[in-house]
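Chain by chain, the residues run as shown.
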Amino acid sequence: MGRAEDEVVQLTSELIQIDSCNTGELETTTGEAEAAAYVDAKLREVGYETEVVESGAPGRHNVFCRLEGADRSRPALLVHGHLDVVPFTAEDWSVHPLSGAVQDGYVWGRGAVDMKDMDAMILALARQFKAEGVVPPRDLVFAFLADEEAGGAYGSHWLAEHRPDLFEGCDEALGEVGGFSLTLGEDVRVYPVMTAEKSIAWMKLRVRSRPGHGSMVHDENAVTILAEAVARLGRHRFPLVLTESVQGFFDEITALTGIEFPTDSAAALDGAVAKLGGVARVVGATTRDTANPTMLQAGYKANVIPAIAEATVDCRVLPGRQEAFERELDDILGPDVEREWIRNLPAVETGFSGDLVDCMTAAVQAEDPGSHTLPYMMSGGTDAKAFEKLGMRCFGFAPLRLPADLDFTALFHGTDERVPVDALTFGVRVLDRILRTC
């Protein structure tokens, strides 16, 4: 085992033990600075010159360093991870979510898969390359970022707007969420490469109407009008739309397994997707736009009909669908409902081709002969949205070879989040090959 393989498990565990929960509120999100200080010390220990940048608010710290490559004329590769994690309810877990426990062949805790495992792999390899004098083919920019779990306003998006110099020369980026193995049938193993992701579009709905006394007849109740609109939207099924990445995913699965994905019927396609197991919850969401109501706010007293009622909706829109999606929204909601975007980050998509894709495929197949890579779309969003605005092609590939029976996608933001120890060491070997040949 190399140095990076030797220490990746410990790095993962120690990162998990740092409470970097992102609540979405500035005053209660405090741990990113501590996580950044940990990473910064580990990088400086082996000789990197680092830059720690506070991105738009106190404590939102990011760490950058660059490893010069053999050919400085080539564009650089950005290798990035985020240091924040989502909150948790500790009593629901088998182990404490900040324990970083290494037991039963897993590293346990919040962030084990999203994404302190990848942070640790990047950090371990950055340390090994510097300590051993490895010169990659081109410059590598290593970035450990804040605020991804709340959309990156105080992380990647602030950095892209205010400090684009940190990404000088980067034309491609490698980050989350892809590279985890899926086992299809008895022995077909695939490693999806994230080539696209839906938008992050959080919407506020508002109805204004005449207030009144709760004991009287009242035909213009803002709560009722809003509730009816929210119910219509929540039950609505948007049309099937297969983008290049999703169609490519289906085509590869069909070629490998014989499973057909009919597109003439939504029910038939949903049935075929269900055969994919746990990953179906992600793949199914990439065949259409979604709009899920998540919050309701109205009123201040039981006997007062309020003048205003509001709802929040989490919309995720496919690449190229924003205008059509908004037209459909307006038809569903009707003229009495106002809507406004409170966060609207567009979908991104790139092709499943090029030298970096070839490097990822070759690296996986060298460590797992007979396996396959294929494109896929993520139903959520990542920091790739910020870097795409800087002109980078963005890919998600955090390589992990997983047990066939592990429902991995359920662990993202889930209870008992954990990553297999041998998946971490596998991932280091694959990522090592990529970064040495990219």
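Structure: see above.
A brief look at the structure comes next.

Cut-offs and rules
Residues numbered from 1 in each chain as written. Predicted model: local features only at pLDDT ≥ 70, side-chain atom pairs only at ≥ 80, totals over all residues. Heavy atoms only, no water. Helix = DSSP H or I, 4+ residues; strand = E, 2+ residues; numbered from the N terminus. Contact = heavy atoms within 4.5 Å. Buried < 20%, exposed > 50% of the residue type's maximum accessible area, 1.4 Å probe, protein only. Polar contact = N/O pair within 3.5 Å; in protein donor to acceptor, adjacent residues only side chain to side chain. Arc of directions from axis to C-beta. Core = buried A, V, L, I, M, F, W, Y, C linked by side-chain atoms within 4.5 Å. Expected span 1.5 Å × (residues − 1). Disulfide = S-S within 2.5 Å. 1 Å grid on protein atoms, 1.4 Å probe; cavity = no way out; pocket = protein on both sides within 12 Å on 5 of 7 lines; lining within 4 Å. Points joined across faces, edges and corners; volume = space filled by probe spheres on them. Nonpolar A, V, L, I, M, F, W, Y, C, P; charged D, E, K, R; others polar.

### Considerations on the environment of A70
Phase 1 of the analysis: Within the element layout of this structure, A70 appears in the loop between β2 (61-67) and β3 (76-82).
Phase 2 of the analysis: Placed 312 residues apart in sequence, A70 and T382 show a C-alpha to C-alpha distance of 30 Å.
Phase 3 of the analysis: Excluding residues within four positions of it along the chain, A70 makes contact with V135, P136, P137 and R138.

### Looking at the side chain of R288
Phase 1 of the analysis: Tracing the sequence through the fold places R288 in the loop between α8 (280-283) and β12 (290-298).
Phase 2 of the analysis: Judged by relative accessible area, R288 falls into the buried class, the value being 5%.
Phase 3 of the analysis: Of note is the side chain of R288, whose polar atom sits 3.5 Å from the side chain of D270.
Phase 4 of the analysis: Here R288 is in contact with K198, R237, F238, P239, L240, A266, D270 and L318, once residues within four sequence places are set aside.

### Examining helix α7 (residues 266-274)
Phase 1 of the analysis: Residues of α7 that are buried: L269, A272 and V273. Here the buried residues of α7 occupy an arc of 100° about the axis, which is enough to place them on one side.
Phase 2 of the analysis: Looking at the buried side of α7, the elements it contacts are α6 (244-257) and α8.
Phase 3 of the analysis: Capping of α7 at its N-terminal end is provided by S265; its side-chain oxygen lies 3.4 Å from the backbone amide nitrogen of A267.

### Thoughts on the nonpolar core
Phase 1 of the analysis: F142, I434 and L435 are the most contacted members of the largest nonpolar core, which totals 94 residues.
Phase 2 of the analysis: Take this core: its biggest share by element is 9 residues, from helix α3 (residues 116-132).
Phase 3 of the analysis: Ignoring sequence-local partners within four residues, the contact set of I434 consists of L174, L356, C359, M360, A363 and F397.

### Observations regarding helix α12 (residues 421-437)
Phase 1 of the analysis: With 17 residues, α12 ought to run about 24 Å at 1.5 Å a step, and its terminal C-alpha atoms sit 25 Å apart, in line with that.
Phase 2 of the analysis: Within α12, burial applies to A423, L424, T425, F426, G427, V428, V430, L431, D432, I434 and L435.

### A few points about unusual backbone geometry
Phase 1 of the analysis: The omega torsion across D114 and M115 is -15°, close enough to zero to call that bond cis.
Phase 2 of the analysis: Examined against the element boundaries, M115 turns out to sit in the loop between β5 (106-108) and α3.
Phase 3 of the analysis: The linkage connecting E176 with the following residue, V177, adopts the cis geometry, with an omega of -10°.
Phase 4 of the analysis: Here V177 is to be found in the loop between β7 (170-175) and β8 (182-184).
Phase 5 of the analysis: Even without being a glycine, D104 presents a positive backbone phi close to 55°.
Phase 6 of the analysis: Position of D104 among the secondary structure elements: in the loop between β4 (102-103) and β5.

### As for the state of the cysteines
Phase 1 of the analysis: Applying the stated criterion to the full structure yields 0 disulfides.
Phase 2 of the analysis: The thiol of C65 is not disulfide-bonded; the next cysteine sulfur, from C170, is found 12 Å away.
Phase 3 of the analysis: C170 carries a free sulfur, and the closest cysteine sulfur to it, the one in C394, is 10 Å from it.
Phase 4 of the analysis: Residue classification places C170 among the buried positions, given a relative accessible area of 8%.

### Quick word on the layout of surface pockets
Phase 1 of the analysis: Considering only enclosed or pocket space, the largest pocket measures out at about 990 Å³ in volume.
Phase 2 of the analysis: Surrounding the largest pocket, 39 residues form its lining, D314, R316, S379, G380 and G381 being those nearest its centre.
Phase 3 of the analysis: At the level of secondary structure, the elements contributing two or more residues to the lining of the largest pocket comprise β10 (200-208), α5 (222-235), α7, α8, β12, β14 (308-316) and β17 (372-378).
Phase 4 of the analysis: Counting residues per element, the lining of the largest pocket draws most heavily on β12, at 3 residues.
Phase 5 of the analysis: Residue composition of the lining of the largest pocket, by class: 14 nonpolar, 13 polar and 12 charged.

### Topic: the side chain of T350
Phase 1 of the analysis: Looking at where T350 falls in the secondary structure, it is placed in the loop between β16 (348-349) and α10 (355-367).
Phase 2 of the analysis: A polar atom in the side chain of T350 sits 2.8 Å from the side chain of R393.
Phase 3 of the analysis: Those residues in contact with T350 that lie beyond four places of it in its chain are T195, S245, R393, C394 and F395.

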